[in-house]
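Residue-level structure breakdown
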Amino acid sequence: MGFQEHLEGKRVSSFTISQNGNAIFKKNYSKKNISISILTVIALFLAAIFIYYSYFGAQFTVCNTKSCLQSSVSLINCMNETIDPCEDFYEFACGMFETNYPYYSNTNENSWVTIMSLKIKHRVKKFLNKENEIYEPNAVHKTRKFYQACLNATEDQVSSNYDPLWKVWEKVGLNTEYLNDSVPLEIETILARVKLYFNLNIFFGIYAVDDPRNSSSHLLLTVTQNLESNKYKRRNNMKTNKVDIDDSLPKFNEYFNLLVEKLLNRNQPYLRKLKVEDLTNTTNELVEFEEEFSQVQQNTFSSKNDIPEVVTLGELQNFTDTAGETFKFNWTLYLRELTRDIQPKIYEILSSENADNYELLVINRDFLNDAFNLLSQTPTIIIKMSILTQVLTILDSHFPSGEKFNSEHCFSLTSEFFGMVTGYSMINTLDNSSKAALTEMTDNIKWALRKMVNEVSWMDDETKNATLKKLANTKTFFGYPDNYENIINNLIENLTVTENHIENILSISMFSTASDLKYLTEDRDWENQSWAVTPDEVNAYCYNAMNAFFMPAAILQAPLFNNGVQALNYGATGSTIGHELSHNYDNTGRLYNELGNVAQWWSNRSYEEYTKRASCLISHYNDIEVVSHNKTFAVNGVQTLDENIADISGLKEAYYAYRRYVEVHGQEPRLPGMEHYSHEQLFFLGYANQYCYYDEGDSQFDDFDSHSPNMVRVRGVLSLSPEFAKAWSCPIGSPMNPKKEKCQIW
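Notes on the structure in this doc start here. The structure displayed is predicted, hence computed values, not measured ones. Per chain, residues are indexed from 1 in the order of the written sequence. With pLDDT at 70 or above as the cut-off, local features in this predicted model cover only qualifying residues; side-chain atom pairs require 80 or more to be listed or tallied, and sums for whole chains, interfaces and linings still use all residues. Based on all heavy atoms of the structure, the side-chain values leave hydrogens and waters out of the count.

**Remarks on unusual backbone geometry**
To keep things clear, this is the line we draw: Helix numbering and strand numbering both begin at the N terminus, where a helix is a DSSP run of H or I of at least 4 residues and a strand a DSSP run of E of at least 2. Summary of the burial criterion: residues with accessible area below 20% of their type's maximum are buried, those above 50% are exposed, and those between are partly exposed, where the area comes from a 1.4 Å probe applied to protein chains only.
The step from Ala-558 to Pro-559 runs through a cis peptide bond, and the omega angle for that step is 10 degrees. Here Pro-559 lies in the loop between β8 (548–552) and α26 (566–582). Despite not being glycine, Asn-199 shows a phi value in the positive range, around 50 degrees. Among the residues examined, Asn-199 registers a relative accessible area of 32% and is labelled partly exposed. Positive phi, normally seen in glycine, also occurs at Ser-729, with a value near 50 degrees. Among the secondary structure elements, Ser-729 is positioned in the segment after α31 (722–727). Among the residues examined, Ser-729 registers a relative accessible area of 28% and is labelled partly exposed.

Here you go:
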C-alpha cells in the first residue's frame, strides 16, 4: 500500500456543475418555492460547515507554538519521505539525518545524544568559567578550583609539580629496579597500591557493590573483569592480527620510552640507562599478551551473568589457584594491603583466623578462570611491563602532556572526577509544568504496565500480584536531587583541592578509592547521599538493587522532551521511561524483588513461560543482520536480550499511556507542515527519531555493547508491534509487518 493511501485524513467530496456554470430552474416553480429551496440549501450548507468545523476542524487544529515549529523542523530534516514507512521505517524517519546533521570532525559520528551533549557541554563550560558566588555550594567552588588548576598546568611547571608523584612511586614500588629480572614481582602489593593510590584496576576489577541477598543492609567486594586493557589497546591502535602487531611495534617502543622517561624518576640510575630497544623481544610479547587478554575479556563478556555469585575468600583462593596453575595470587594479602589504611575494620577481619570465611562477589568465573590461566603462561617480565604500561597510560591521560593538555582536556577531567557537581549547572532547568507533565506521564506508563501484566495469560495470579507489588514500590528520580546542595557538599567534603594539578589528581584518585570502599562497613543511603547518575549526562538508568530508575535533567530536553505535542514526548521520553521501568522485569531485573534483593519471587511455572518468550526474542534478533558502510554485522540475541526486552516493552507501555492521556485531555493539535500525520503516527515518529544516528567508524557495533544497533532498535522493535502496523496501515507480509510470530513478553 502506498504511503499516501494510508495517511489518516478526511476527504471532502467534490461536486460538478453545468458547463456554463448556470443553475437552471423550471418555469413552473413559484417564487415562494424557490425562496424556500434556496433558504433550505443555505441552511443545510451552514449546518454542514458547522458540523465540519465542530467535528473535523478540531482534529486539524495546528499547533503554532515555538516548540511545535522546532519539532516539525527536526522531524522533517531527518525524514526521507520517498521511502515507504512499511518497507523501512528507520530510513523513512532518519534517512536524511546524515545529510542535514553531518558528523562532527572530532568524533566522526552524530546523533541526537551527541547534539544534546554538546549543548549541555557548552552550558557546563560556562558554569565552570563563572566567578564564584557566595550562595553557591562549597563543592562548586572546589570544582572550579580543580578546573583552573588543570588549565594552569603547563610543561614549564612539571619539574617542581611532579614531586608528589615521585613519593607515590616509592610507595607503589614502581621506581625501584622494577623491570630488572633479579627483582621479584610482588604483584599483590603492587596491584593493591595501584588501586589505592591511582584508583586503577589491572587484570581484574575490585569494587564495593550491594549484597544481592540484602541490598539495604551492607555491601561486599566484587571481583570482575575490567576493560582497561581494551582502552589501552584502542588508544594505541593495536590491532588483533600478527601483521598489525609487528607494524605497530616501532610506534609502541617510542610511546613506551616516552612515558618511562617522562613519568618515572629520571634521576634513577637504572632507568636512566634503560632503553626500550633493549626490550624489543619482550615488547613484542607484551603486545601479543595485551591482545590475548583483550580476547579473554571479549569471549566472556557476551556470556556474563549480571547477578554476582557470593563466594568466600577461601573459595576464591582455591578457584584461582587451580585456574592459575603456576601463577599464584594471594587474595588475602592483596585485600589486606588494600584495606589497611582506609578500612581498618575489614583489615582486622582479614587478619584474623576467620579470613577465609570473608564473603565476596564474583561476577564471572569464566573470566577469572581464563585470565588466571593466561597469566600462568605469561613470563614475569611481560606481566611487569603490562602493569607498568597501564599505570603510565592512565597517568599520561591525567597529567600535562603538550598540546593535548588544553581546556577541552581539563573539561573532560573535571567532568570525570566531579560529574555530580558539574551536574549542578542543570539546576532549575525543569519548570513546574515540565515536572507535572513527567509525573503524569510516569503515572500513565505505570498504569499501562499494570494493564499489560493483568492481561497476560502465561503468568499466574500469585506472580502477577508480586509483580504489581514491585511496580507499586518502584522509585523514580527525575532531573536532579531535591537536596542537591547537601548531596554534593557531603560528597566531596573531605576532599582537598589545591593549586597543584598533579597533587589534585593523586588526591582525587585516593579519595575515590576510599569513598567507594567505605560502603563495605556503611549503609548507602542513595536518596540522601547521592544519585546514581549525574544530572548533566544525556542518558537514563535503571538500578535493580534500588528498584528505581533515573532520568537526568540533560535527557529531558528537546528533541526528546518539550516537543510541543505529547504524541512526540510520549514516543521519545515516554518510551525511555518505559524502557527503564521495564528493566526491572527483563531477563536480569526479574530476578530482583520489590526490595531490590535477588530472591525466588515468581512461581516456577511463570519463570518457565517467561523463558520461552525470551527465547523467541533471542531467535528474532539472532536472525537480524545489518549492512553498514559495505560491512555486514550480526546482532547477538543473547547479549542484547535485556535491552531488547526493555525496548519492546517500553514502547508498548508508552503507546497505551499516550492513548490514556488523549482519553483524559482530548485530541492534540497537529504539527505545522505535518498535518497529514495522525497523532499515533507522530508517536511512532517520535520514537524512531530519537535513534537517528550516523557513525563513520561503526562503533555502535561494539562487541561489548548490550544494546542493539540504533537502526535495529527501530526496525526490529516496530516490526514486532501490532500497534505500529495498524497506525501506518502496513500490510501483513511487508518488512515492517512480517508474517512471523511477533515475540512479546507482555
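**Some remarks on the pattern of salt bridges**
Which entries qualify depends on this criterion: One side-chain nitrogen of Lys or Arg within 4 Å of one carboxyl oxygen of Asp or Glu is enough to make a salt bridge.
Going through the model one piece at a time under the given rule, you end up with 15 salt bridges. Residue Glu-609 pairs with Arg-613 through a salt bridge whose shortest N-O separation is 2.9 Å. One end of the pair is Glu-609 and the other is Arg-613, both in helix α27 (residues 604–622) and four residues apart, which spans about a single turn. For Glu-609, a relative accessible area of 17% gives the class buried. What emerges from the salt-bridge pattern is a single network uniting Lys-121, Lys-125 and Glu-408.

**A short note on the sheet that holds β8**
What counts is decided by this rule: For two strands to be treated as a pair, DSSP must find no fewer than two bridges joining them. In this analysis an axis means a line fitted to C-alpha atoms, helices contributing only their contacting stretch, and an angle means the value between N-to-C directions, from 0 to 180 degrees. Working rule for contacts: check all heavy atoms of both residues, and any pair within 4.5 Å makes them a contact.
Taken in spatial order, the three strands make up an open sheet running β6-β8-β7, and their pairing is mixed. The sheet terminates laterally at β6 (475–479) and β7 (541–543), the two strands that pair on one side only. Between one strand and the next, the sheet's axes are offset by a mean angle of 15 degrees, whatever the strand orientation. Pairing between β7 and β8: three bridges, direction antiparallel. Within β8, the position partnered with Tyr-541 by the bridge is Phe-550. Its contacts with the sheet place α26 against β6, β7 and β8, and it is angled at close to 150 degrees to β8.

**Quick notes on the packing of aromatic side chains**
We apply this condition: Pairing of aromatic side chains here covers Phe, Tyr and the six-membered ring of Trp, requires ring centres within 6.5 Å, and sorts the geometry by plane angle: under 30 degrees stacked, over 60 edge-to-face, intermediate tilted. In our convention, an over-ring charge means Lys NZ or Arg CZ found within 6 Å of a ring centre and within 35 degrees of that ring's normal.
With the rule as written, the count across this model stands at 44 aromatic pairs. With 5.4 Å between their ring centres and 80 degrees between their planes, Phe-204 and Phe-329 make a pair best called edge-to-face. Here Phe-204, found in the loop between α9 (187–198) and β2 (205–210), pairs with Phe-329, found in the loop between α14 (313–324) and α15 (331–339); they are 125 residues apart in sequence, far enough to count as distant. Relative accessible area serves as the criterion here: at 2%, Phe-329 is assigned to the buried category. Their ring planes at 40 degrees and their centres at 5.5 Å tell us that Trp-602 and Tyr-607 sit as a pair that is tilted. What makes Trp-602 buried here is its relative accessible area of 3%. Among the residues examined, Tyr-607 registers a relative accessible area of 12% and is labelled buried. In this structure an aromatic cluster arises from ring pairing among Phe-89, Phe-92, Tyr-570, Tyr-655, Tyr-656, Tyr-658, Tyr-661, Tyr-677, Phe-683, Phe-684, Phe-724 and Trp-728. Across the ring face of Phe-127, the terminal group of Arg-144 is positioned such that the distance to the ring centre comes to 4.8 Å. Over the aromatic face of Phe-319 sits the side chain of Arg-365, whose NZ or CZ is 4.9 Å from the ring centroid.

**Some words on the environment of Ser-215**
Among the structural elements, Ser-215 can be located in the loop between β2 and β3 (219–224). Through-space distance from the C-alpha of Ser-215 to that of Leu-595 is 7.7 Å; in sequence the pair is 380 residues apart. Leaving out residues up to four positions away in the same chain, Ser-215 has contacts with Asp-210, Ala-545, Leu-595, Gly-596 and Asn-597.

**Let's talk about the state of the cysteines**
For clarity, the threshold we go by: Throughout, a disulfide means two cysteine sulfur atoms within 2.5 Å of one another.
Here the structure, examined in full by the defined rule, presents five disulfides. Numbered in order of appearance, the disulfide-bonded cysteines of the protein are paired 1-2, 3-9, 4-8, 5-6, 7-10. The cysteine Cys-78 is free of any disulfide, with Cys-692 supplying the nearest cysteine sulfur at 4.2 Å.

**Re the nonpolar core**
The line we're drawing: Residues grouped as a nonpolar core are buried Ala, Val, Leu, Ile, Met, Phe, Trp, Tyr and Cys residues, joined through side-chain atoms within 4.5 Å.
Ranked by internal contacts, the top residues of the largest apolar core, which has 199 residues, are Phe-89, Phe-203 and Ile-387. Residue contributions to this core peak at 11 residues, all from helix α28 (residues 641–665).

**Topic: α9**
Helical periodicity: at 3.6 residues per turn, an α-helix aligns residues three or four positions apart in one direction. Worth spelling out the cut-off: Expected span, for any helix, means 1.5 Å times one less than how many residues it has.
Taking 1.5 Å as the rise per residue, α9 with 12 residues should run 16 Å; its terminal C-alpha atoms sit 16 Å apart, in good agreement. Of all 12 residues that make up α9, 11 are buried, and the element is covered over most of its length. Among the residues making up α9, those that are buried are Ile-187, Glu-188, Thr-189, Ile-190, Leu-191, Ala-192, Val-194, Lys-195, Leu-196, Tyr-197 and Phe-198. Looking at the buried positions of α9, the neighbouring elements they touch are α8 (163–172), β2, α15, α18 (380–398) and α24 (501–517).

**Here we look at the side chain of Asp-210**
Put simply, the test is: Any pair of N or O atoms that falls within 3.5 Å is considered a polar contact. Within protein, one atom must be able to donate a hydrogen and the other to accept it, and sequence-neighbouring residues count only if both atoms are side-chain atoms.
Locating Asp-210 in the fold gives a position in strand β2. In this structure the side chain of Asp-210 is engaged in a polar contact, spanning 2.7 Å, whose partner is the side chain of Tyr-543.

**Section: α24**
Between the first and last C-alpha of α24 there are 25 Å, a value that for 17 residues agrees with the 24 Å anticipated at 1.5 Å per step. Taken residue by residue, α24 has His-501, Ile-502, Asn-504, Ile-505, Leu-506, Ile-508, Ser-509, Phe-511, Thr-513 and Leu-517 as its buried positions. At the N-terminal end of α24, a side-chain oxygen is found 3.0 Å from the backbone nitrogen of Ile-502, two or three residues along, and the residue is Asn-500.

**Brief notes about the packing of α9 against α18**
Packed helix pairs are specified by the crossing angle of their axes together with the interaxial distance, meaning the distance between the axes. The criterion, for reference: Each angle receives one of four descriptions, namely roughly parallel if under 35 degrees, roughly antiparallel if over 145, roughly perpendicular if within 65 to 115, and oblique otherwise. Note on residue categories: nonpolar means Ala, Val, Leu, Ile, Met, Phe, Trp, Tyr, Cys or Pro, charged means Asp, Glu, Lys or Arg, and polar means any other residue, Gly included.
Running from N to C, α9 and α18 cross one another at 5 degrees; their axes reach a closest spacing of 12 Å. In terms of their interaxial angle, α9 and α18 are classed as roughly parallel. Contacts between α9 and α18 pair Ile-187, Ile-190, Leu-191, Val-194 and Phe-198 from the former with Ile-383, Ile-387, Val-391 and Leu-395 from the latter. By residue class, the composition of the contact of α9 with α18 is nine nonpolar, no polar and no charged.

So far we have only geometry, and geometry alone does not tell us how the molecule works.
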